[in-house]
Amino acid sequence: MRRPFALAAAGYLGALRLLNGARRAGEPPLVRGWLPYLGCAPAFGRDAPGFLERCRARCGSVFTLVIAGKRMTFLLDARDFEALIKEPKRLSFYEIKCEIGSKAFGYRRPDESPIDNDALEGMYGEHLKPSRLHELSRALLARLREDLDARDDPGEDAPARLRWRNAELYEFISRLMFDAGAAALYGEDFPSDEVYARFVAFDKRFPLIVAGVPLRFLSGVADDRAWLVQHLSRTRESMSQLMWARHGVLSRQTDARERGQYALSLLWASQANTVPAAFWSVAYLLRDARALAAVREELAAGGADDPARRSGERVWTRDELDSMRLLDSCICEALRLSSASMVLRRVTESHAIPLVSGATARVREGDLVCLFPYLSHRDPEIFEAPNEYRFDRFVRAQGVARFEKRGERVPFAYLPYGAGASMCPGRFWAHREIKLLIATLLTAYEFDVPRHALPPLDQRRAGLGILPPDGDLRVRLRRRRRR
Ligand code: HEM
């Protein structure tokens, strides 16, 4: 009885080795998983950070996983990140970008299309740099105020105790941030309830879409995507300068449908991370009495209690916003704790990656090399008490916060926006949006937040950016009097 079992097991392991590959000299330890082809995909999909931690405990900080037919080499020590970020040729982002964009949004692969993608990308740098955010900020604030006024029930003249109302914080922030962010980019009459509902349905399935599951197996998603593409293919007079500039290039080089697909890709990039990032920034801040008091004081010093500000007649200037260093730090800290983006590169030529340990890790052409900053953000040698929210962790008298490990500076320890070739071009705008949201909310509302724990992170989206909460947080809020 035992013998046939041993033979079957040996046969299975042999087949697994054949299908999921074998380790070659100089390569990092290989974790094949237990399923042919799928390899470690189920364990990684269930709980990516936990699984990577277990692999690190067994194999050290560099190892290769077989995931759905792909070989993915992980570098988990933040001191090794530079080796990937500073090697854009042999570790390329371009191929990955071509694949994901066309799979998720339906446009032609940029390497097979006449569209001038360099021109489109150049526009981000121009229109989303800190000195150009004024127009977007005004539009965002106008929409925020409009949405908040529309929700102002039972109104600020009601007795104080009656003005308290309950809200699910994630639902509340999501809708506010989505509406205001989308209106700033796509025009003041955008979006509608239907855009929001269809976007949420599409985004929910996004992890499966990028994993390669055909849309026909994801009920309703093809419809939602087609509807959004059609809706976004139209221009609106009040669109931002960025959208008009993109339209200028795209209208010369493609048709309305593909313009809509490009517009959907930007809508996704600009919303899918900003919404949960705004939620965590608000939720952590409201839960920490010291942080809240300090930020309220900072806002008051910037004139938050000025009646013209409360009524929305006076908007925050760039200098005022730049001087809010504690609020900057609160947002950075919330992103540190909620970000699970993955920095991915395709190996274009087999070579050996030099590691900080002095060893090297050989990778093959076609492999993927990955960083998972979720774990470096929790490295106790870099971030003291890494699981604690410390609102002033990122405050520096000048310049940006610097982090060290074992006495050495680690320039890429903190990567919520990715790095190098794939670094987020919307990062300044994202940070500004969240800052304006918090400044507006704290100026206009008082909050009462329960003491129980915040909802956990939804790990099913690990790899895609800021994780949403798995659940919501019920709070009470009350409009402050304007005058
Ligand atoms: C807190 C909010 C945000 C976070 C955490 C975030 C994070 C990221 C990350 C990690 C990437 C790189 C993805 C990769 O390596 O594959 C990325 C790419 C990108 N982001 Fe953001 N992002 C945010 C908000 C925004 C906003 C507001 C915009 C635009 C208005 C934007 C536009 C983009 C674009 C266009 C790309 C693709 C860049 C490329 O393909 O080279 N993002 N973002």
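The structure we're discussing is the one just above.
The following refers to the structure shown. The model shown is predicted, which means the values in this text are computed figures rather than measured ones.

Considerations on the packing of aromatic side chains
Geometry of an aromatic ring pair is reported as the spacing of the ring centres plus the angle between the planes.
Step number 1: On inspection of all chains with the given rule, the structure shows 20 aromatic pairs.
Step number 2: For the ring pair F63 and F74, a centre distance of 6.1 Å and an interplane angle of 25 degrees mean the geometry is stacked. Of the two residues, F63 sits in strand 2 (residues 62-67) while F74 sits in strand 3 (residues 70-75), which places them 11 residues apart along the sequence. No difference in accessibility class separates F63 from F74, as the two residues are buried.
Step number 3: Consider the rings of F105 and Y107, whose centres lie 6.3 Å apart with planes at 25 degrees: the pair is stacked.
Step number 4: Ring pairing ties together the aromatic residues F105, Y107, F202, F206, Y262 and W268, which thus form one cluster.
Step number 5: It is R175 that lies over the ring of Y196; its NZ or CZ is 4.6 Å from the centre.

Considerations on the side chain of R259
Step number 1: As for its position among the elements, R259 is in helix 13 (residues 256-271).
Step number 2: One buried charged residue, R259, forms no salt bridge at all, with the nearest opposite charge on D255 at 6.5 Å.

A word on the packing of helix 8 (residues 169-186) against helix 14 (residues 274-287)
Step number 1: Contact pair helix 8 / helix 14: the axes reach a minimum separation of 9 Å and the direction vectors enclose 130 degrees. With respect to their mutual orientation, helix 8 and helix 14 come out oblique. Helix 8 and helix 14 meet at a crossing whose hand is right-handed. Residue-level inspection shows L169, Y170, I173, S174, M177 and F178 of helix 8 in contact with helix 14, the latter providing T274, V275, P276, A278, F279, V282, A283 and L286.
Step number 2: Across the contact of helix 8 with helix 14, the residue classes break down as 12 nonpolar, 2 polar and no charged.

Calculation notes
Residues numbered from 1 in each chain as written. Predicted model: local features only at pLDDT ≥ 70, side-chain atom pairs only at ≥ 80, totals over all residues. Heavy atoms only, no water. Phe/Tyr/Trp six-rings, centres within 6.5 Å; stacked < 30°, edge-to-face > 60°. Helix = DSSP H or I, 4+ residues; strand = E, 2+ residues; numbered from the N terminus. Buried < 20%, exposed > 50% of the residue type's maximum accessible area, 1.4 Å probe, protein only. Lys NZ or Arg CZ within 6 Å of the ring centre and 35° of its normal. Lys, Arg positive; Asp, Glu negative; His and termini not counted. Salt bridge = Lys/Arg side-chain N within 4 Å of Asp/Glu carboxyl O. Axes fitted to C-alpha atoms, helices over the stretch in contact; angles between N-to-C directions. Parallel < 35°, antiparallel > 145°, perpendicular 65-115°, else oblique. Left-handed = near helix turned anticlockwise from the far one by under 90°. Contact = heavy atoms within 4.5 Å. Nonpolar A, V, L, I, M, F, W, Y, C, P; charged D, E, K, R; others polar.

These results come straight from atomic positions and should not be treated as a statement about function.
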